[in-house]
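# Structural overview
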Amino acid sequence: MSTILLVLETNILKNIGTSKRTDILFKLLLIAFVKKDLEEHIKVKIAISLHKLLQSNGKDAVTQSYNDIANAADIRKATVSDTFNAKSSPNSSTLILIVEAMGYSLSDFAHIYNTIKDSEVLAFKRGLV
């Protein structure tokens, strides 16, 4: 995608003062909007997946609070809270630390993540507002 942006930015400079410039700017804005929307969708799916794991009764050693998860993963409680509330997108190592601190594997998380429907994402977003 960065190659596309570089080509578009180069074309903007070449086409300053022409009608093509508007088309190029529109494409850049559209790409930025779609990327932001996709990132938001991913953050919410991560949060829903973590909530489902936390509520699951399938494991004996599932931790029951953000503080316990943070302590077990050796990360800040705010990081755990922000991830569970879709306020931030964790990097891969942080996500793995959180999932494993809850007593699950990454494949357990991935299975739940892949089953989340768009209706669940919309419901979660409505609950945030």
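Criteria and cut-off values
- Residues numbered from 1 in each chain as written.
- Predicted model: local features only at pLDDT ≥ 70, side-chain atom pairs only at ≥ 80, totals over all residues.
- Heavy atoms only, no water.
- Helix = DSSP H or I, 4+ residues; strand = E, 2+ residues; numbered from the N terminus.
- Buried < 20%, exposed > 50% of the residue type's maximum accessible area, 1.4 Å probe, protein only.
- Areas by Shrake-Rupley, 256 points an atom, 1.4 Å probe, with all protein chains shown as cover.
- Arc of directions from axis to C-beta.
- pLDDT = per-residue confidence, 0-100.
- Contact = heavy atoms within 4.5 Å.
- Axes fitted to C-alpha atoms, helices over the stretch in contact; angles between N-to-C directions.
- Parallel < 35°, antiparallel > 145°, perpendicular 65-115°, else oblique.
- Left-handed = near helix turned anticlockwise from the far one by under 90°.
- Nonpolar A, V, L, I, M, F, W, Y, C, P; charged D, E, K, R; others polar.

With that settled, the discussion passes to the overall build of the protein chain. Of the regular secondary structure elements, the protein chain holds seven helices and zero strands. Counting helices and strands in the order they occur from the N terminus, the protein chain gives α-α-α-α-α-α-α. With 129 residues in all, the protein chain has 30% of them scored as buried. Approximately 8,400 Å² of the protein chain is accessible, and the part contributed by carbon and sulfur atoms is 56%.

Another aspect to go through is helix 4 (residues 77–84). Burial in helix 4 covers these residues: Val80, Thr83 and Phe84. Here the buried residues of helix 4 occupy an arc of 95° about the axis, which is enough to place them on one side. Following helix 4 by one or two positions, alanine 86 has its phi on the positive side, about 55°.

Turning to the confidence of the model for the protein chain, a few remarks are in order. On average, residues of the protein chain carry a pLDDT of 81, and 71% of them reach 70 or more. Confidence drops under pLDDT 50 across residues 58–63; counting only partners more than four residues distant or on other chains, this segment forms 14 contacts.

With respect to the secondary-structure elements, threonine 94 resides in helix 5 (residues 92–101). According to the relative accessible area criterion, threonine 94 is buried, its value standing at 14%. Threonine 94 has contacts with Ile75 and Thr79, leaving out every residue within four places of it along the chain.

So, about the packing of helix 3 (residues 66–73) against helix 5. One can describe the packing of helix 3 onto helix 5 by two numbers: an axis separation of 8 Å at closest approach and a directional angle of 115°. The pairing of helix 3 with helix 5 is recorded here as roughly perpendicular in orientation. Here the hand of the crossing between helix 3 and helix 5 comes out right-handed. Contacts between helix 3 and helix 5 involve Ile69, Ala72 and Ala73 from the first element and Leu97, Ile98 and Ala101 from the second.

This next bit is on the packing of helix 3 against helix 4. Axis separation between helix 3 and helix 4 bottoms out at 8 Å; the angle between their running directions is 120°. By the criterion of interaxial angle, the relationship of helix 3 to helix 4 is oblique. The two elements helix 3 and helix 4 cross, and the hand of that crossing is right-handed. Together, Tyr66, Asn67, Ile69 and Ala70 of helix 3 and Lys77, Val80, Ser81 and Phe84 of helix 4 make up the contact between the two elements. Residue composition of the contact of helix 3 with helix 4, grouped by class: five nonpolar, two polar and one charged.

Here the phi dihedral of aspartate 74 falls at roughly 60°; this positive angle occurs in a residue that is not glycine. Using a relative accessible area of 70% as the deciding quantity, one classes aspartate 74 as exposed. A positive phi is found at alanine 86, a non-glycine position, where the angle reads about 55°. With respect to the element layout, alanine 86 can be found in the loop between helix 4 and helix 5. Overall, the relative accessible area of 5% leaves alanine 86 in the buried class.

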